[in-house]
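Chain by chain, the residues run as shown.
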Amino acid sequence: MSGGQSAVVLAVVRTHAQFLVSDGSNEPNLVSNVTVNDGEWHHVAAVRDADAGTLSLYVDYNFAGSIADTTTGDFGNANDRQSALSTAAQA
């Protein structure tokens, strides 16, 4: 995301789930450690824990990775934010 725009993105990129949060300056990007493009259905959950300062991914109810949330913005007003949910694999 560029141009100082805030965003929250959950997508399938190539073979793995991706969770990206951007405050316009910082953009932590978490990629799961589990392949999800195997032709099967998967339950994917993304969690931003602002108090703990972490982003976490869960695939099929199992922990699939975590990173530090380096964003400083407030994502509380969905009317002012761009968000996306994508299931299309990107080349």
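Above this text sits the structure in question.
The text that follows walks through the structure, step by step, so that each part is easy to find. (Residues numbered from 1 in each chain as written. Predicted model: local features only at pLDDT ≥ 70, side-chain atom pairs only at ≥ 80, totals over all residues. Heavy atoms only, no water.)

Description of the overall build of the protein
Consideration 1: Of the regular secondary structure elements, the protein holds 0 helices and 7 strands.
Consideration 2: Its helices and strands taken in sequence order, the protein reads β-β-β-β-β-β-β from the N to the C terminus.
Consideration 3: Within the span of the protein, comprising 91 residues, buried residues form 30% of the whole.
Consideration 4: Considering only contacts within the protein whose residues lie at least 6 apart along the sequence, 44% involve residues at least 24 apart.
Consideration 5: Summed over its atoms, the accessible surface of the protein is roughly 5600 Å², and 48% of this surface lies on carbon and sulfur atoms. (Helix = DSSP H or I, 4+ residues; strand = E, 2+ residues; numbered from the N terminus. Buried < 20%, exposed > 50% of the residue type's maximum accessible area, 1.4 Å probe, protein only. Contact = heavy atoms within 4.5 Å. Areas by Shrake-Rupley, 256 points an atom, 1.4 Å probe, with all protein chains shown as cover.)

As for the environment of Asn 26
Consideration 1: With respect to the helices, strands and loops of the structure, Asn 26 is situated in the loop between β2 (16-22) and β3 (29-35).
Consideration 2: For Asn 26, a relative accessible area of 28% corresponds to the partly exposed category.
Consideration 3: Separated by 43 residues in sequence, Asn 26 and Asp 69 have C-alpha atoms that sit 8.9 Å apart.
Consideration 4: Once you skip the residues sitting within four places of it in the chain, Asn 26 turns out to touch Val 21, Thr 70, Thr 71 and Thr 72.
Consideration 5: At 3.2 Å, the side chain of Asn 26 and the backbone oxygen of Thr 70 are in polar contact. (Polar contact = N/O pair within 3.5 Å; in protein donor to acceptor, adjacent residues only side chain to side chain.)

Overview of the pairing of strand β1 (residues 7-13)
Consideration 1: With 6 of its 7 residues buried, β1 lies for the most part within the structure.
Consideration 2: Direction of pairing for β1 relative to β2: antiparallel, over a ladder of 7 bridges. Bridging across to β2, Ala 7 finds its partner in Ser 22.
Consideration 3: Between β1 and β2, which follow one another and run antiparallel, lie 2 residues, and Arg 14 among them has a positive phi close to 60°. (Pairing = 2+ DSSP bridges.)

Brief notes about the nonpolar core
Consideration 1: If you look at the biggest cluster of nonpolar residues, it comprises 11 residues: Leu 10, Val 12, Ala 17, Phe 19, Val 21, Leu 30, Val 36, Leu 55, Leu 57, Val 59 and Ala 64.
Consideration 2: Secondary structure elements with two or more residues in this core: β1, β2 and β5 (54-59).
Consideration 3: When near neighbours in sequence (up to four residues on either side) are disregarded, Leu 30 contacts Ala 17, Gln 18, Phe 19, Leu 55, Ser 56, Leu 57, Gly 65, Ser 66 and Ile 67. (Core = buried A, V, L, I, M, F, W, Y, C linked by side-chain atoms within 4.5 Å.)

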